[in-house]
Amino acid sequence: MSDALTAEVLRNALVVAAEEASIVVVRSAYSTFIVEGSDASAAVLDARGRLVAQSMATTLMNSMALRTALPELLADLPPETMRPGDVYALNDAYRGGVHTNDLLVYRPVFVGGAPAYFTATMIHVSDLGGLSAGGMAPLATDIFLEGLQLPPVRLATEAGLDPAIEAVLRANSRTPDKVMGDVRALVAGTAVAAARLESLLAEHGEKGLAAGIDDYLDHTEARTRASLAALPEGSYAAAYPIDDDGIDLGRTHDVRVTVTLGEGRAVLDFAGTGPQVPAAINASASQSLAAAVFAIRCFLDPAIPMNDGCLRAIEVRLPEGSLLNARSPYPCGGRYVPIYAAMEAVFQAMSDAVPERAIAASGILQPFSIAAVGAPYWIHLAYDFGGVGARRGLDGPDATGVHFGVGRNSVPQAEPVESRCPLVVESIETIPDSGGPGRWRGGLGSRTVYRFLADCHVTTRGDRLRLPPPGRDGGLPGRLGGFYRRRLDGRLERLASKVNNVRFAAGEAFVVETTGGGGLGPPAERDREAVRADLAAGRVTARGAAEDYGLGSSSDGLR
């Protein structure tokens, strides 16, 4: 077997080890969002803190957190104190974590009596306190309102879970049995990946595995630099706004970036981004790193593996104390808002750099939770996705969002949700005319209606619901979505984009409408047949075809 082939086989074996771990977590977890949404992440790292491999379902938000947090864990709990069977955990946003409900779990894999690798898993556990059930706290003004903060701790030993840590987790959760079920699933996932890694060590030997990993990380770096070298050299600046912070609705916030390309590397400098604020629109550094890396990778060879080799060619500068690198005690739970603005800013800068691959702005994902008003608690946590911005030569996909923060199937199926929670999913549909008109049309937003069979609390954390995603090169913005309450008499009331524990009565409905993507190019240049096809498919209405595209005369064939 050639060295290149051996390296490729080894790379895939490590990815499979992580993938199997994530599947074990999904099948073992208790939380509806994990079980039905398959939202679990797993990775293999080495003792130097390098990301070696991640599961196919692992999002960059999670793998960057696992990578960034491992050195913090090792700083508090030195490797020489670790023993086989030990498992460790943390969720500290300021030390590589995400937010309080995202639990990062690590298991050392020993070589020659010392930890040489770590298998890691991560999910959003059902509840760890805070202002509202499920970890949604859109009106939090400090980190303490978002839930339990867990520094690096030993979660388990060969004998099982640490009783004291289990007691702390149970005492801080509205759903203690579900949380502990989730925790045991995370631990089981690390054990499966560790067993696979030990098999690879037995097959390749300590030096063979280490050399193979070094080789394919180097190979990934070389491929990344070659792909970056093919891009036009220069500096490209862009910015993207945030609707509001949920507290001061009149205050503006912007994320800014300058992307500098040259000599096979990329520097993404977010200097000029707004300062951190006492509101849930800040992010930890690991999450902003994920946004930047994801966005630049969208303009590179898609076959490049995601591991530490890729990161060597990409430098990300995040000003400390900014919206993208918050420090204590500023809240970080609303990280989707600033990091998706960061992603969009990079997209627009890169669209200037490579106009033939330009993309208009997209509708953001809209997280929300629905929970019982009291014990016994039930929680439904979900995301609905906006339309993707139009690409050069292509319409934007409908209701899928451009996302890097959720798992395989983050919009759970209606039937399992209805069986677990007292609600009925009345309808799920795309919204005609919601995609921004253009030569290439933006993707459509969606509308989902939940009718409640019991009183409940609704919490939302939306954005791009006041400022529509703009079109590009003459394209028009996407249509704004929103959160709504449908009263018993049928009246529809719009909620703010960020609300906490709004009480709904049994029989009322919660309506989630997502924002459409922006269009690209002047609408007048859109192919007439494409407009007619959209009309026939219900993507545009007769009014939209006439007003947005001028399709209305008898010669156009419109009846």
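This section reports on the structure supplied with the text. (Residues numbered from 1 in each chain as written. Predicted model: local features only at pLDDT ≥ 70, side-chain atom pairs only at ≥ 80, totals over all residues. Heavy atoms only, no water.)

Attention now goes to the sheet that holds strand S6 (residues 153–157). Read across the sheet, seven strands follow the order S2-S1-S5-S4-S3-S6-S7 without closing on themselves; strand pairing throughout is antiparallel. In the strand order of this sheet, the two ends are held by strand S2 (51–54) and strand S7 (160–161), each with one partner. Inspection of the sheet shows strand S3 (residues 87–90) paired to strand S4 (residues 102–111) by three bridges, in the antiparallel sense. Paired with Leu-90 across the two strands is Leu-104, which belongs to S4. (Pairing = 2+ DSSP bridges. Helix = DSSP H or I, 4+ residues; strand = E, 2+ residues; numbered from the N terminus.)

Now for the pairing of strand S11 (residues 314–317). If a strand is regular, its side chains alternate between the two faces of the sheet. Of the two faces of S11, the one lined by Ile-314 and Val-316 is fully buried and the one lined by Glu-315 and Arg-317 carries no buried residue. Here four bridges tie strand S10 (residues 265–269) to S11, and the two strands are oriented parallel to one another. Bridge assignment links Asp-269 to a residue of S11, and that residue is Arg-317. (Buried < 20%, exposed > 50% of the residue type's maximum accessible area, 1.4 Å probe, protein only.)

Glancing now at the packing of aromatic side chains. Going through the model one piece at a time under the given rule, you end up with ten aromatic pairs. Ring centres of Phe-452 and Phe-504 lie 5.5 Å apart, and the angle between their planes is 90°; this geometry places the pair in the edge-to-face category. Taken together, the residues span a long stretch of sequence, with Phe-452 in strand S15 (residues 446–452) and Phe-504 in strand S19 (residues 498–504) at a distance of 52 residues. Classification of Phe-452 by relative accessible area gives buried; the value is 1%. Residue classification places Phe-504 among the buried positions, given a relative accessible area of 0%. Above the plane of the ring of Phe-504 lies Arg-485, whose end atom (NZ or CZ) is 4.4 Å from the centre. (Phe/Tyr/Trp six-rings, centres within 6.5 Å; stacked < 30°, edge-to-face > 60°. Lys NZ or Arg CZ within 6 Å of the ring centre and 35° of its normal.)

Looking at the secondary structure, you find Gln-287 in helix H7 (residues 285–297). You can call Gln-287 buried: its relative accessible area is 0%.

Here we take up the packing of helix H5 (residues 176–204) against helix H6 (residues 206–229). At a minimum axis separation of 6 Å, H5 and H6 run at an interaxial angle of 105°. Comparing their axes, H6 and H5 come out roughly perpendicular. Contacts from Leu-197, Leu-200, Leu-201 and His-204 in H5 reach Glu-206, Gly-208 and Leu-209 in H6. Considering only residue class, the contact of H5 with H6 consists of four nonpolar, two polar and one charged. (Axes fitted to C-alpha atoms, helices over the stretch in contact; angles between N-to-C directions. Parallel < 35°, antiparallel > 145°, perpendicular 65-115°, else oblique. Contact = heavy atoms within 4.5 Å. Nonpolar A, V, L, I, M, F, W, Y, C, P; charged D, E, K, R; others polar.)

This part takes up the sheet that holds strand S9 (residues 253–262). Strand order in the open sheet made by the four strands is S8-S9-S10-S11, with mixed pairing throughout. Each having just a single partner strand, strand S8 (234–242) and S11 make up the two edges of the open sheet. Averaged over all adjacent pairs, the angle separating strand axes in this sheet is 15°, with direction ignored. Seen against the sheet, H7 touches S9, S10 and S11 and runs at an angle of roughly 140° to S11.

Attention now goes to unusual backbone geometry. Between Ser-328 and Pro-329 the backbone carries a cis peptide bond, its omega angle lying at 5°. Structurally, the position occupied by Pro-329 is in the loop between S11 and helix H9 (336–353). Omega for the bond connecting Ala-375 with Pro-376 falls within 30 degrees of zero, at -5°, which places this linkage in the cis form. For Asp-433, which is not glycine, the phi dihedral falls at a positive 70°. Turning to its location among the elements, Asp-433 is positioned in the loop between strand S14 (423–430) and S15. Residue classification places Asp-433 among the buried residues on the basis of a relative accessible area of 14%.

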